[in-house]
Amino acid sequence: MSWHASVVTLFPEMFPGPLGQSLAGRALRDGRWSIDAFDLRSFATDKHRTVDDTPFGGGAGMVMRPDVVDAALAAAIAAGQASDRGAPPGAERESAAPRLRPALYLSPRGRVLDQAMVRDLVAGPGVVLLCGRYEGVDQRVIEARGLTEVSIGDYVLSGGEPAAMVLLDACVRLLPGVMGAAESGEEESFSNGLLEYPHYTRPAEWQGRAVPPVLLSGHHAEVARWRQAEAERITRERRPDLWARHIETAGQGRVPSA
Ligand code: 6GU
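Residues numbered from 1 in each chain as written. Predicted model: local features only at pLDDT ≥ 70, side-chain atom pairs only at ≥ 80, totals over all residues.

Visitor: I'm lost on the sheet that holds strand 6 (residues 126–131) in this one. Help?
Guide: Two pairing modes exist for strands in a sheet, parallel and antiparallel, and in both the strands are linked by backbone hydrogen bonds. Strand order across the open sheet formed by five strands is 2-1-6-5-8, with parallel pairing between neighbours. Strands at the two margins of the open sheet, each flanked by one partner only, are strand 2 (33–39) and strand 8 (148–151). Put simply, the sheet's adjacent strands are angled 35 degrees from each other on average, direction ignored. Alignment of strand 5 (residues 103–112) against strand 6, held across four bridges, turns out to be parallel. By the bridge assignment for strand 6, Ala103 is matched with Val128. (Pairing = 2+ DSSP bridges. Helix = DSSP H or I, 4+ residues; strand = E, 2+ residues; numbered from the N terminus. Axes fitted to C-alpha atoms, helices over the stretch in contact; angles between N-to-C directions.)

If you want it as C-alpha cells, here you go:
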C-alpha cells in the first residue's frame, strides 16, 4: 500500500511524463509510490465524447461539464481505495477506517502550494488530482465533491497538468526512502523557513573567484555559523515575506543577526 496518485485529465498520456525519470522515476519503479491517469473523455456519455460546453451567461471559452468530471472523479477515488491493497479485501473495514485521499483541483484560484502543504499530503495515503482545461470546471462539481483548489503560483498555465506534476514531484521526493541520507531534506530551503545558504565545490579558486575561506578552515562550528548567517541574509534580502514569518516563529524575542 504505497502512496498513490490518481490524476483526472484530458491528457492521460502526459503522465507519468517527467515523473518517470530521475529521482521520482526510480521511486516509482521501486514501488514507493504509484500513479494512474483517468481520461476524462472516456467518461463522456454522448457519441461525440463531449466533455465541455459553453458557459451559461455567455462569454469566451468552454467549461468542463460537472456530470463528466464527477464520473471521472468517482472512478479515480474508487481506484485509490482498491489499490489500498496489501491487506485482503474487506480487512480495512474491520480495523481503523482507511484514510481518504484528498481530492485536489489544480487551479490558479487555489491556495498557493507551499512546503507545509506538501508535508501534509505526504503524511497521508496519496492524492486525487483533477486537472482543468478550458476556462475551468463547473462550480457545482467543485462544491459537490468538496474539492480543495490548489495553485502553484501567481501566473496562468494553459492547464492543470504541469501543476499536478509540480505538486507530485514535491511530494514524492519526501516519501520515505526516496532521498538518500546525503540529500535528506534536513537543511534544505523551507525546512527551517529560510532559503538555503550558497554552495561551493572544487576548484577552490575559479576565474579569480575564491571560495569563502571559512569553508576551507575545517572548523565545523564556524562553518555552521557562517551558513546560518548567509541563509538569514539571503532570505532577508530576497524574501522579506519569509523573513518576517521566520522571525515571528523562530524569533520569540530573539533578534536574528543584523
Ligand atoms: Cl494549478 N492551474 C493553472 N491552469 N494555472 C496555474 C495553476 C494551476 N497554478 C498556477 N497557475
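Continuing now.
Visitor: Before we go on, may I ask you to explain the UniProt feature "binding site: S-adenosyl-L-methionine" (unreviewed entry) in the protein chain in this structure?
Guide: According to UniProt, the feature "binding site: S-adenosyl-L-methionine" (unreviewed entry) maps to Gly132, Ile152, Gly153, Asp154, Tyr155, Val156 and Leu157 in the numbering used here. Position of Ile152 among the secondary structure elements: in the loop between strand 8 and helix 6 (161–172). Overall, the presence of 20 C-beta atoms within 10 Å leaves Ile152 in the buried class. For Ile152, the residues in contact, after removing those within four places along its chain, are Leu113, Ala163, Val166 and Leu167. Structurally, Tyr155 can be placed in the loop between strand 8 and helix 6. Assessed through the 7 C-beta atoms surrounding it within 10 Å, Tyr155 is described here as exposed. (UniProt positions renumbered as here; feature names shortened; annotations may be inferred. Buried ≥ 20, exposed ≤ 12 C-beta atoms within 10 Å, placed from the backbone. Contact = placed C-beta atoms within 7 Å.)

Visitor: I would appreciate a short explanation of the sheet that holds strand 7 (residues 136–137) in the present structure.
Guide: Taken together, three strands build an open sheet; the order of strands is 3-4-7 and the sheet is mixed. At either margin of the open sheet sits one strand with a lone partner, and together these are strand 3 (52–53) and strand 7. Bridging between strand 4 (residues 63–64) and strand 7 involves two bridges; their strand directions are parallel. Within strand 7, the position partnered with Met64 by the bridge is Val137.

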